[in-house]
Amino acid sequence: MIATSRGFAKRWARLAESDQYSLSSGSRVAVIGGGPAGSMFSYFLLNFAEITNLDLQVDIYEPRFFTHCGPAGCNHCGGIVSESLLQRLATEGIELPSHVVQRGMESYTLHMDVGTVRLNAPGLEKRIAAVYRGNGPRESEPLHQISFDGYLNELAVEKGARIVRRMATAMERTGDCIEISCADGHHRAYDLAVVATGINSHFVESVCGSTARIRQPKKTTTFISEFRLGRSMIEETLGNSMHVFLLDIPRLEFAALIPKGDYATLCMLGDDIDDELIQSFFRSAEFKQCFPDAIVPPHACHCLPRINVQTARYPFDDRIVMIGDSGTTRLFKDGLGAAYRTAKAAARTAVFHGVSSRDFENHFWPLCRTIDADNRIGKFVFSVSGLIQKARFSRRAVLRMTASEQAGDSPRKRMSEILWDIFSGSAPYREILGRAFHPAYVGGLIWNLAASNWPSARRRDSETAGQGV
Amino acid sequence: MADLGRLYKDGEIIVREGDSGDCMYVVQKGRVDVVTQSGNREIVLRSLARNDFFGEMALFERDLRTSTARAVGEARILTVDRRTFLRGISEDPSLALRMVRIMSHRIKDLTARLTAYENTPQTGST
Ligand SMILES: Cc1cc2nc3c(=O)[nH]c(=O)nc-3n(C[C@H](O)[C@H](O)[C@H](O)COP(=O)(O)OP(=O)(O)OC[C@H]3O[C@@H](n4cnc5c(N)ncnc54)[C@H](O)[C@@H]3O)c2cc1C
């Protein structure tokens, strides 16, 4: 009897809690940060609210004007919208208009010291988009709206969100609300606060500990720079291909050169990127050969943004949720895709379940955990690719296997598919690893290891190293 | 300023009735007619424009394509792979919400057309 009444009391308390922590018409939502995560959260929240006849007020705090050129308008990133994100957005009815897309990519070009090979998308379809997060590099011509982030802002505003052009400086729990304050004295109370400030802001530090039991995500420094080459030179030298480099340079994890309109964006990821590492990459023959006369031009602008390398613990509390880079993202790849996934999961939870810590734990945290677990596998995948980077004989095998797959017309191109998914970030690392254990792949790799390192093949290779395959 | 997807010329077939497929398509630019053959007559089932999708049945079943899609003028088309789509809805079923809504409109439209057809006096019947 007592047990039954206790169970009933528990359920009753849970019911009361779920009512206290659910959004209703007139509820106010603050989104701190109008980058991709913040805008997509607002868009989907208002979309779900429309379906369920909820009338919500959404304020996006974003001080940045994405119409500005250079760092003032930019959210510092390579600007690759992955194949999987493009396809998911297209399914949602969100199309990237041509004025936002700087270039449609139809291939990857892999540069190694043992040679170069191109991986083509099926049917040479432009499946990947290169965009600017702001309105182009520092010295670029100010154009009409071309920013990816600006476009997503517009979508959220069309759905009914309001942009507050202010930087939020503090967040405090007051009674049953979360109060957001700004340096100019502006403050307002909300039923839900969504932290989407990315990883390059101090705002997360102010939230962690004092207002909520949240521990910040871990981060590391990266490098981005923009080179002005002119549209026709880009067409001629880089084409519609993303150029990736697998070089034996200590501490370098990954580097990519992404052609856009008049510019090409270089991204370097690795272990504590510093000037020494940047210079040794700039000196590499493989990078130089991407430019006319093998001379690296001076860069128009550059930055050293940070990247999230470990999920925040736990990126939610009552009436608070952290999305995009400030919460969880994919390791080194498809950060925009992770921003979309976490933003949508948080919006779904808020509308269909509630905004208590328990709601986020049950309906939002599982996705973060999935991404986190996959990142651990990703670390392993990157350490294997690091070993390949270090050993010339394995680079030869990768080159040979990829080149022969690309030249042939077999429907299964196992090495190419693995490389494509690693570069594009389109598939979970778990899936990539699974494919790397397939006997046909392992057999092919062993065969290519032998064939490419046979003395006669090595001699031939050294004569043709550096040439396009 | 650049476009995505693959460019099809006027009249070019994007998918052919009877072919097998493992993807759907989304129109990025231009127009596409979805047609089927009835005897030796071609029937236009639907005319599609920007943001419309077609070939979605291949995402759910391994049947052959039930109609042909053809570019009307130049058209840019983006592919949505079955694998990406299924991975997406297994994580987030609401990904299919828009598709379900549009597919239910299409069923409504086809039902109305069928009813209109049934109510038309058939020539040659006694
Ligand atoms: C070198 C590098 C290259 C990358 N390349 C790619 C790539 O090619 N493709 C890809 O998918 N991902 C890439 N990423 C990852 C990608 O940039 C992020 O995952 C993505 O930007 C996350 O979006 P977000 O909205 O969470 O954060 P952000 O894009 O950082 O947006 C945060 C927003 O919050 C605003 N903000 C910050 N503080 C406050 C405040 N106190 N008040 C109000 N507003 C505030 C900022 O102005 C900003 O607009 C790259 C990252 C790095 C570092």
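This one's a predicted model, so the numbers in the text were calculated from it and none came from an experiment.

Chemist: Tell me about the overall build of chain A, and name the residues and values.
Modeler: Counting its secondary structure elements, chain A contains 16 helices and 21 strands. For 469 residues, the compact-globule estimate of 2.2 N^0.38 gives 23 Å, and chain A sits close to it at 24 Å. The buried share of chain A, taken over its 469 residues, is 57%. Expressed as a percentage of contacts within chain A between residues at least 6 apart in sequence, the contacts between residues at least 24 apart total 73%. A total of about 19200 Å² of accessible surface is found on chain A, and carbon and sulfur atoms cover 54% of it.

Chemist: Give me the pairing of strand 4 (residues 101-105) of chain A: which residues, what numbers.
Modeler: Residue and element names in this part refer to chain A. Across the five residues that make up strand 4, a large majority, five, are buried. Where strand 4 meets strand 7 (residues 128-131), four bridges bridge the pair, whose relative direction is antiparallel. The residue of strand 7 that forms the bridge with Gly104 is Ala129.

Chemist: So, the sheet that holds strand 11 (residues 187-190) of chain A: which residues are in play, and what are the values?
Modeler: All names here are of chain A. Spatially, the three strands line up as an open sheet ordered 9-10-11, and their pairing is antiparallel. Of all strands in the sheet, those bounded by a partner on one side alone are strand 9 (168-174) and strand 11. Here the average twist between neighbouring strands, direction ignored, is 25°. Relative to strand 11, strand 10 (residues 177-182) is paired through four bridges, and the arrangement is antiparallel. Of the residues in strand 11, the one forming a bridge with Glu179 is Ala189.

Conventions we followed
- Residues numbered from 1 in each chain as written.
- Chains lettered and ligands numbered in written order.
- Predicted model: local features only at pLDDT ≥ 70, side-chain atom pairs only at ≥ 80, totals over all residues.
- Heavy atoms only, no water.
- Helix = DSSP H or I, 4+ residues; strand = E, 2+ residues; numbered from the N terminus.
- Rg over C-alpha atoms; globule rule 2.2 N^0.38 Å.
- Buried < 20%, exposed > 50% of the residue type's maximum accessible area, 1.4 Å probe, protein only.
- Contact = heavy atoms within 4.5 Å.
- Areas by Shrake-Rupley, 256 points an atom, 1.4 Å probe, with all protein chains shown as cover.
- Pairing = 2+ DSSP bridges.
- Axes fitted to C-alpha atoms, helices over the stretch in contact; angles between N-to-C directions.

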